Amino acid sequence: MDKVRYGVIGFGNMGTSHCRSIHKKQVPKAELTAICDISQERVMAAKEEFPDIAVFDNASELFKSGLCDAVIIAVPHYDHPGLAIEAFGAGLNVITEKPAGVYTKQVMEMNEAAKKSGKLFGIMYNQRTNPTYQKLKSMIDTGQIGHIKRISWIITNWYRPQAYHDSGSWRSTWKTEGGGTLINQNPHQLDLWQWLFGMPDKIKSFVSFGKYYDIEVEDDVTAYMEYNNGTTGTYITSTGEAPGTNRLEIACDMGRVVIENGTMTFDRNIISEREFNKTNTEPFASPECWKCEIPVQGSGEQHIGIFKDFTKALVHNTPLLAPGVEGIKGLTISNAIHYSAWTNETVDVKNFPHDDFYNILQQKIAASTVDKSHFVQKVADTSDTY
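It should be emphasised that the depicted structure is a prediction, and the values quoted were computed from it without experimental measurement.

## Some points on the overall build of the chain
A tally of helices and strands in the chain yields 12 helices and 15 strands. Relative to the 2.2 N^0.38 estimate, which gives 21 Å for 386 residues, the radius of gyration of the chain is 22 Å and therefore close to what a compact globule would have. Principal axes of the C-alpha set define a box for the chain whose edges measure 75 × 50 × 40 Å. Taking all 386 residues of the chain together, the buried fraction comes to 55%. In the chain, 71% of the contacts between residues at least 6 apart in sequence involve partners at least 24 apart. Carbon and sulfur atoms make up 49% of the accessible area of the chain, which amounts to about 16,600 Å² in all.

## Notes on helix 5 (residues 104-117)
Taking 1.5 Å per residue, 14 residues should reach 20 Å; helix 5 reaches 20 Å between its end C-alpha atoms and fits that length. Those residues of helix 5 that fall on the buried side of the exposure criterion are Thr 104, Gln 106, Val 107, Met 110, Asn 111, Ala 113 and Ala 114. Residues of helix 5 that are buried sit in contact with helix 4 (79-89), strand 6 (121-123), helix 11 (327-343) and helix 12 (354-366). Just past helix 5, the residue Gly 118 takes up positive phi, approximately 75°.

## Topic: the pairing of strand 7 (residues 148-155)
With seven bridges joining them, strand 7 and strand 11 (residues 246-252) adopt antiparallel strand pairing. Across the sheet, the residue bridging to Trp 153 is Leu 248, located in strand 11.

## With respect to the sheet that holds strand 10 (residues 232-238)
One open sheet accounts for nine strands, arranged 14-13-12-11-7-10-9-8-15; its pairing is mixed. At either end of the open sheet lies a strand with only one pairing partner, and these are strand 14 (289-294) and strand 15 (347-348). As paired elements, strand 9 (residues 218-226) and strand 10 share seven bridges and run antiparallel to each other. Residue pairing in the sheet places Met 225 in a bridge with Gly 233 of strand 10.

## Side note on the packing of helix 8 (residues 187-197) against helix 11
When two helices pack together, their arrangement is captured by the angle between the axes and the distance separating the axes. Packing of helix 8 against helix 11 leaves a shortest axis separation of 8 Å and a crossing angle of 110°. For the element pair helix 8 / helix 11, the angle class is roughly perpendicular. Crossing handedness for the pair helix 8 and helix 11: right-handed. Each of Leu 190, Asp 191, Trp 193 and Gln 194 in helix 8 lies in contact with helix 11, whose residues at this interface are Lys 329, Gly 330, Ile 333 and Ser 334.

## Points about the packing of aromatic side chains
To describe a pair of aromatic rings, you give the distance between the ring centres and the angle between the ring planes. Within the structure shown, the criterion is met by 14 aromatic pairs. For the pair Tyr 6 and Phe 307, a centre-to-centre distance of 6.1 Å together with 65° between the ring planes defines the contact as edge-to-face. Of this pair, Tyr 6 sits in strand 1 (residues 4-9) while Phe 307 sits in helix 10 (residues 302-316), and the two are 301 residues apart along the sequence. Overall, Tyr 6 belongs to the buried group, its relative accessible area being 0%. A residue is classified by how much of its surface remains accessible, and Phe 307, at 0% relative accessible area, is buried. Summarising the aromatic geometry, the rings of Phe 88 and Phe 121 are spaced 5.2 Å apart at their centres and angled 90° between planes, so their arrangement reads as edge-to-face. Here Phe 88 is found in helix 4, whereas its partner Phe 121 is found in strand 6, with 33 residues between them in sequence. With relative accessibility at 6%, the residue Phe 121 sits in the buried group. The structure contains a cluster of three or more aromatic residues connected by ring pairs, namely Trp 174, Phe 209, Tyr 339, Trp 342, Phe 352 and Phe 357.

Calculation notes
- Residues numbered from 1 in each chain as written.
- Predicted model: local features only at pLDDT ≥ 70, side-chain atom pairs only at ≥ 80, totals over all residues.
- Heavy atoms only, no water.
- Helix = DSSP H or I, 4+ residues; strand = E, 2+ residues; numbered from the N terminus.
- Rg over C-alpha atoms; globule rule 2.2 N^0.38 Å.
- Buried < 20%, exposed > 50% of the residue type's maximum accessible area, 1.4 Å probe, protein only.
- Contact = heavy atoms within 4.5 Å.
- Areas by Shrake-Rupley, 256 points an atom, 1.4 Å probe, with all protein chains shown as cover.
- Expected span 1.5 Å × (residues − 1).
- Pairing = 2+ DSSP bridges.
- Axes fitted to C-alpha atoms, helices over the stretch in contact; angles between N-to-C directions.
- Parallel < 35°, antiparallel > 145°, perpendicular 65-115°, else oblique.
- Left-handed = near helix turned anticlockwise from the far one by under 90°.
- Phe/Tyr/Trp six-rings, centres within 6.5 Å; stacked < 30°, edge-to-face > 60°.

This is the structure in structure tokens:
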């Protein structure tokens, strides 16, 4: 196709942003042709801002309209897979916002529907466009840092006060959001973890639910990960720390890589630590190490970059940077962290108990006691926000 006609499902924070990006011609060969939201207030807002665009209050009608080649799903988390499956059934290409879903069972169904449809499927993992993480991935894939011994990611700069949790009726409950910081703020980092380092084999977690806020879902997480090749990792995240930290540290045979405050440094051994250890005879010696600052500029094109990549793939049949079927990987890590906390067990990630997780989640939903009747509705329920 010459041009890709996009429809946006969900005119909340992210959906509105996506509409504006495409309508302003920031994505070559892309055209905004339809918008949908179930809220009449948001429907009216969409019509006012985009009077030349068709606006629907029912996603099925948009799917059947013939106005779109692809749709962007930007609604609350539980609805991502169902809408994607329906869109594939209508012969449409799909980009879904993160996360792919709330539980792996529904995402496996979505992936199967995408496969059967033969349509293009992408996910808004915009952090894959960040040149810092792209550079790190290249260094790992080409063997420049050698075997990875330990990974430590502390990402606690997600501070969200109680007012944030109170800003929408769908936020911070098992029933409507499906989790807390893991399912809302952290999907990008969990995706980057598996994209850079691969899927861990085992996970043991320690999670607090409503530690800092009047919520029922997690707001403080520490997860320990093991790989069969000997690599270990810790992942620490929270929405209750201010100012918080974002530091990724990788200990490897060739030294140490640190990403923090927008810079990447490589304390590089001139010889692999394992090779040094084989020949060294001095009790307190260590390899000579050079401190190198890895040159990286900018933060990438983020959401627009994913749109450009997806549009290019439709027009020119190029491979996707963020295939939608990979959304299940980061979600599996997220689900495994929850499952470990709920059961106090170490989780076998490659044999993840999808059905058992789903059953426990249903129990959490049924036992939900949070009363949101007093909450101030500042964000549309159909929004997908960070």
